[in-house]
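Structure at a glance
Below are the chains, spelled out letter by letter.
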Amino acid sequence: MNHYTPRPGRVRVEVAPQGAWRYLFFRVLALVPGEVEAGATEGCEVALVPLSGRVRVEAGGQVFELARRDVFGELPSVLYLPPGIAYRIEALSEAELALGGAPAEGRYPLRLFRPEEMRVEMRGGGNALRQVSHILGPHLPAERLILYEVYTPSGHWSGWPPHRHDGRMGSLYIEETYYYKIRPAHGFAIHRNYSPEDGLDELLLAQDGDLILAPRGYHPVAAAPGSNVYYLNYMAGEAVGEARATPPVDDPDWAWMRQDWAGRPLRLPVGGEED
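Figured I'd write up the structure that's included with this text. Treat the numbers as computed from the prediction; the structure is a model and nothing was measured. The numbering scheme is per chain: residues are counted from 1 as the chain's sequence reads. Reporting in this predicted model follows two pLDDT cut-offs: at least 70 for local features of residues, and 80 or more for side-chain atom pairs to be given and counted; totals over whole chains, interfaces and linings ignore these cut-offs and use all residues. Excluding hydrogens and water, the side-chain figures rest on all heavy atoms present in the structure.

1. So, the environment of Asp260
Secondary structure is summarised from DSSP: a helix means a run of H or I of at least four residues, a strand means a run of E of at least two, and numbering begins at the N terminus for each. Mapped onto the elements of the fold, Asp260 is located in the segment after β21 (249-250). In this structure Asp260 comes out as partly exposed when scored by relative accessible area, which is 26%. In this structure the C-alpha to C-alpha distance between Asp260 and Gly126, which are 134 residues apart in sequence, comes to 8.8 Å. Relative accessibility under 20% of the residue-type maximum defines a buried residue, over 50% an exposed one, and the middle range a partly exposed one, all with a 1.4 Å probe and only protein chains included.

2. Here's the deal with the sheet that holds strand β17 (residues 200-207)
Strand pairing in a sheet relies on backbone hydrogen bonds, with the paired strands running either antiparallel or parallel. With antiparallel pairing, the four strands of this open sheet are ordered in space as β13-β19-β16-β17. Either end of the sheet is taken by a strand with one partner, and the two such strands are β13 (157-158) and β17. Following DSSP output, two strands are said to pair if at least two bridges run between them. Pairing geometry for strand β16 (residues 188-195) and strand β19 (residues 221-223), over three bridges, is antiparallel. Of the residues in β19, the one forming a bridge with His191 is Val221.

3. Some remarks on the packing of aromatic side chains
To pair, rings of Phe, Tyr and Trp, with the six-membered ring standing in for Trp, must have centres within 6.5 Å; the planes then decide the type, stacked if under 30 degrees apart, edge-to-face if over 60, and tilted in the middle. For the structure shown, the criterion picks out 14 aromatic pairs. Taken together, a centroid distance of 4.6 Å and an interplanar angle of 45° make the contact between Tyr178 and Tyr231 tilted. On the criterion of sequence distance, the pair formed by Tyr178 in strand β15 (residues 174-183) and Tyr231 in strand β20 (residues 228-237) is long-range, its members being 53 residues apart. Taking relative accessible area as the criterion, Tyr178 reaches 2% and is therefore assigned buried. For Tyr231, a relative accessible area of 2% corresponds to the buried category. Site record: aromatic cluster; members linked through ring pairs are Trp157, Trp160, Trp254 and Trp256. Above the face of the Tyr173 ring, Arg22 is positioned so that its terminal group lies 4.3 Å from the ring centre. In this scheme, the term charge over a ring applies when either NZ of a lysine or CZ of an arginine sits within 6 Å of the ring centre and within 35 degrees of the ring normal. Geometry around Tyr194 places Arg192 over its ring, the cationic atom sitting 4.0 Å from the centre.

Below is the structure:
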């Protein structure tokens, strides 16, 4: 299997298949004006997502400018690069850029996906209502890659009901990264990874700029009151092409909430007089 080879650059966070899992690599670059990041996709398809600032990308004999105020202000344009493409990224301002990918055969050409091609979905309900932006969703052509941006408002939950896509309980095996941006910057979220079958149960503090992996099992997220939470999901695994639309499998203890987003809340005050 061909894997991406990291190149020099200001790497803020990074995960590679050799160190974590089988398919997906992901990194975030923080560049100053004039700084250049050059590399090649080799045997992978690669997607570039601007998070803030402006960059110029040269790839496949074409030139693209990617710009974004910040992740909370607008949808991105996403540059898709097939295997066997050299690229050069130059920062035109201070910029933060995500790029990641997975092994591919080269079925699809280089392409810039624009915001108007992306599906935006309001998912869930009650205090599990959140926005899911399908910035390289299964409705757009790619081999293994799936990209989402998720917005979880203050005091809300996302990834709910908890779901899994780790090859168990009939699910497909798909790896996933969570790259967090939070407003205000001192805010936080709680990210839980749990897999009852093998004893995994970790409760992780997610702060602005953190990268958290969902290695297996279920992986819900809660935004603390006063904290508005964004995360960028890069996903890749055994699902290829149209199979990327295969839904995950819900935790059977919580699947009922798809029919009752209120969640049977406790009535307050407890011990007060009845109406």
